[in-house]
Amino acid sequence: MSTTPSRGVAVITGASSGIGEATARALHAAGFQVALLARRVDRIEALAEELGAGALAIEADVTDRDGLTVAAARVRAELGDASVLVNNAGLMLLGPFSSGQREDYRRMIEVNLLGAITTTEVFLDQLTAAGGDIVNISSVAGRTARAGNGVYAATKWGLNGWSESLRQELLPDVRVTLIEPGVVATELPTHITHDATNTAINELYADATVTAADIAEVIAFTISRPRHLAINEILLRPAGQA
Ligand code: NDP
C-alpha cells in the first residue's frame, strides 16, 4: 500500500481522454491518489507516468464486472480504499431512431447506465468504508431530450433517477453528486456512427468553448466542500448554449 500523503483515493472511469483525464489531473493536483480506469491502456499508462506518485493506471472496461472486481482489488491493495468514484465513462452515439442504430443503443445503455451502476456496486464497500463521494457524469441530455438523441438521453435520464435514489440510500456518509454538462470540447462526438449526424455534431463541437478542465475544476470544487455540505446536482452549459 502506498505511503504517499493523500486526501483520499479517487477512482475515475474513462480517464483516458476528455473529462475523465482532466478530472484525474485536477484531483491529483488537489492531493488525491488517482486510479485511472479505461480500455485504452496506453493512454492511462502515459497519464499515470506523467502524474507520477499516487497515480495508478488500470485497464478496465465498465461493461466487464469481473474486470472491475480485479480493478477494485488492485485499488485497495495498491492505493487503499477508494473514497471517491467518478462514473465518467460514456458514449454519445447520436442519430435518428432506427434499427440501423440498434447496436449503438445497446452499447450506450451498457456503458453509460449499466457501466456506472456496476462500477458503483463493485466499489461500494470501499466507498462506504472510507466515507466519500460518488460523482456521476450525466448531461444536459439528462434533463432535456430532442430528436436524434433519444437513447443517449434515456441513459442520462436513467442515471439521474438512479443517482437520486442512491443519494438518499447512502447519506450522510457517502455524498452523491450529479454533474450535467452541456457541450464540452472532447472527442465524444467523433465516435458517432451515423454519418450525417457525425458531420453535424462534430461541426457543432468544433466551436465548443467549455473545456474538460472547466468541468474537472467544478468536480474538484464539489468534493472539496466540508462533509456537512452535499452538492447534489450541477447543470452547466457554455454561456452561449441555448
Ligand atoms: P471522451 O470520448 O473523451 O471520453 C469518454 C471516456 O469513456 C473515454 O475515456 C473512454 O475510454 C471511456 N469509455 C468508453 N467506453 C468505455 C468502456 N466500455 N469502459 C471503460 N471506459 C469507457 O468524452 P467526454 O470526456 O466528453 O465524456 C465523458 C463523459 O461526459 C461521458 O459520460 C459523456 O456522456 C459526458 N458528457 C460529455 C459532454 C460533452 O459535451 N463532451 C456533455 C455532457 C456529458 P476508453 O475508450 O479508453 O475505454
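Placed above this text is the structure.
Predicted, not measured: the structure shown is a model, and the values here were computed from it.

> Before we go on, may I ask you to explain the overall build of the protein chain in this structure?
The helix and strand tally for the protein chain stands at seven helices and seven strands. Walking the protein chain from its N terminus toward its C terminus, one meets helices and strands in the order β-α-β-α-β-α-β-α-β-α-β-α-α-β. By the compact-globule yardstick of 18 Å for 242 residues, the protein chain fits well, its C-alpha radius of gyration being 17 Å. Seen along its three principal axes, the alpha-carbon backbone of the protein chain occupies a region of about 50 × 35 × 35 Å. Sorting the 242 residues of the protein chain into buried and exposed places 50% on the buried side. For the protein chain, restricting intrachain contacts to residue pairs at least 6 apart in sequence, the fraction spanning at least 24 positions comes to 68%.

> Where do I start with the nonpolar core in this structure?
A general feature of soluble globular proteins is that nonpolar side chains tend to end up buried together. By size, the foremost hydrophobic cluster in this structure holds 32 residues, and its most contacted members are I12, L27, V34, L36, I179 and I215. In terms of residue count, the dominant contributor to this core is helix α7 (residues 212-223) (six residues). Sequence-distant contacts of I179, defined by excluding residues within four places in its chain, comprise V135, N136, I137, S138, S139, I215, V218, I219, I234 and L236. In terms of nonpolar packing, the next biggest core, distinct from the first, is built from 26 residues, L68, L113, F123 and V176 among them.

> Is there a simple way to think about unusual backbone geometry in this case?
In most cases, non-glycine residues show a negative phi, while peptide bonds are predominantly trans. L171 connects to P172 through a cis peptide bond whose omega is 5 degrees. Within the secondary structure, P172 sits in the loop between α5 (150-170) and β6 (174-181).

> Looking at this model, I keep getting lost on the pairing of strand β3 (residues 55-59). Mind explaining?
The two faces of the sheet receive side chains in turn, since in a regular strand these alternate between them. Taken across its five residues, β3 has four buried, putting it largely inside the fold. Both strand β2 (residues 33-38) and β3 contribute to a ladder of five bridges, which runs parallel. Counted as the bridge partner of V34 is A55 from β3. Once the chain exits β2 it traverses helix α2 (residues 41-51) before rejoining the sheet at β3, and the crossover so formed is right-handed.

> Quick question: what am I supposed to make of the sheet that holds strand β4 (residues 84-87) here?
The pairing of strands in a sheet happens through backbone hydrogen bonds and is either parallel or antiparallel. Read from one edge of the open sheet, seven strands run β3-β2-β1-β4-β5-β6-β7, paired in parallel fashion. Of all strands in the sheet, those bounded by a partner on one side alone are β3 and β7 (233-236). Shown here is a sheet whose adjacent strand axes are inclined to one another by a mean of 15 degrees, direction ignored. In the packing of helix α1 (residues 18-29) onto the sheet, the strands contacted are β1 (9-13), β2, β3 and β4, and the crossing angle to β1 comes to about 170 degrees. The sheet strands contacting helix α3 (residues 65-78) are β1, β2 and β3, and the helix crosses β3 at an angle near 160 degrees.

> What is the right way to read the side chain of H28 from this model?
Position of H28 among the secondary structure elements: in helix α1. Its relative accessible area of 18% is what places H28 among the buried residues. Ignoring sequence-local partners within four residues, the contact set of H28 consists of V34, L51, G52, A53, G54 and A55.

> Sorry, what's going on with the environment of A212 here?
Within the secondary structure, A212 sits in helix α7. By relative accessible area, A212 is classed as buried at 10%. In this structure, the C-alpha to C-alpha distance between A212 and S17, residues 195 residues apart in sequence, is 9.1 Å. Beyond its immediate stretch of four places on either side in the chain, A212 contacts G18, I19, A22, V184, A185 and T186.

> Mind showing me how you'd approach α3 here?
What sets the pattern is the α-helix's 3.6 residues per turn: residues three or four places apart point alike. Here α3 is 14 residues long and its end C-alpha atoms lie 20 Å apart, about the 20 Å a rise of 1.5 Å per residue gives. When α3 is considered as a whole, its buried residues turn out to be L68, A71, A72 and V75. For α3, the angular spread of the buried residues around the axis is 100 degrees, confining them to a single face. For α3, the exposed residues lying more than 90 degrees away from the buried face are D66 and V70. The inward-facing, buried residues of α3 abut β1, β2, β3 and α4 (102-130). Where α3 begins, one side-chain oxygen reaches toward the backbone nitrogen of D66, 3.2 Å away; that side chain belongs to D64. Just downstream of α3 lies G80, where phi reads positive at about 110 degrees.

Definitions and cut-offs
- Residues numbered from 1 in each chain as written.
- Predicted model: local features only at pLDDT ≥ 70, side-chain atom pairs only at ≥ 80, totals over all residues.
- Heavy atoms only, no water.
- Helix = DSSP H or I, 4+ residues; strand = E, 2+ residues; numbered from the N terminus.
- Rg over C-alpha atoms; globule rule 2.2 N^0.38 Å.
- Buried < 20%, exposed > 50% of the residue type's maximum accessible area, 1.4 Å probe, protein only.
- Contact = heavy atoms within 4.5 Å.
- Core = buried A, V, L, I, M, F, W, Y, C linked by side-chain atoms within 4.5 Å.
- Pairing = 2+ DSSP bridges.
- Right-handed = clockwise from strand over helix to strand, strands pointing away.
- Axes fitted to C-alpha atoms, helices over the stretch in contact; angles between N-to-C directions.
- Expected span 1.5 Å × (residues − 1).
- Arc of directions from axis to C-beta.
- Polar contact = N/O pair within 3.5 Å; in protein donor to acceptor, adjacent residues only side chain to side chain.

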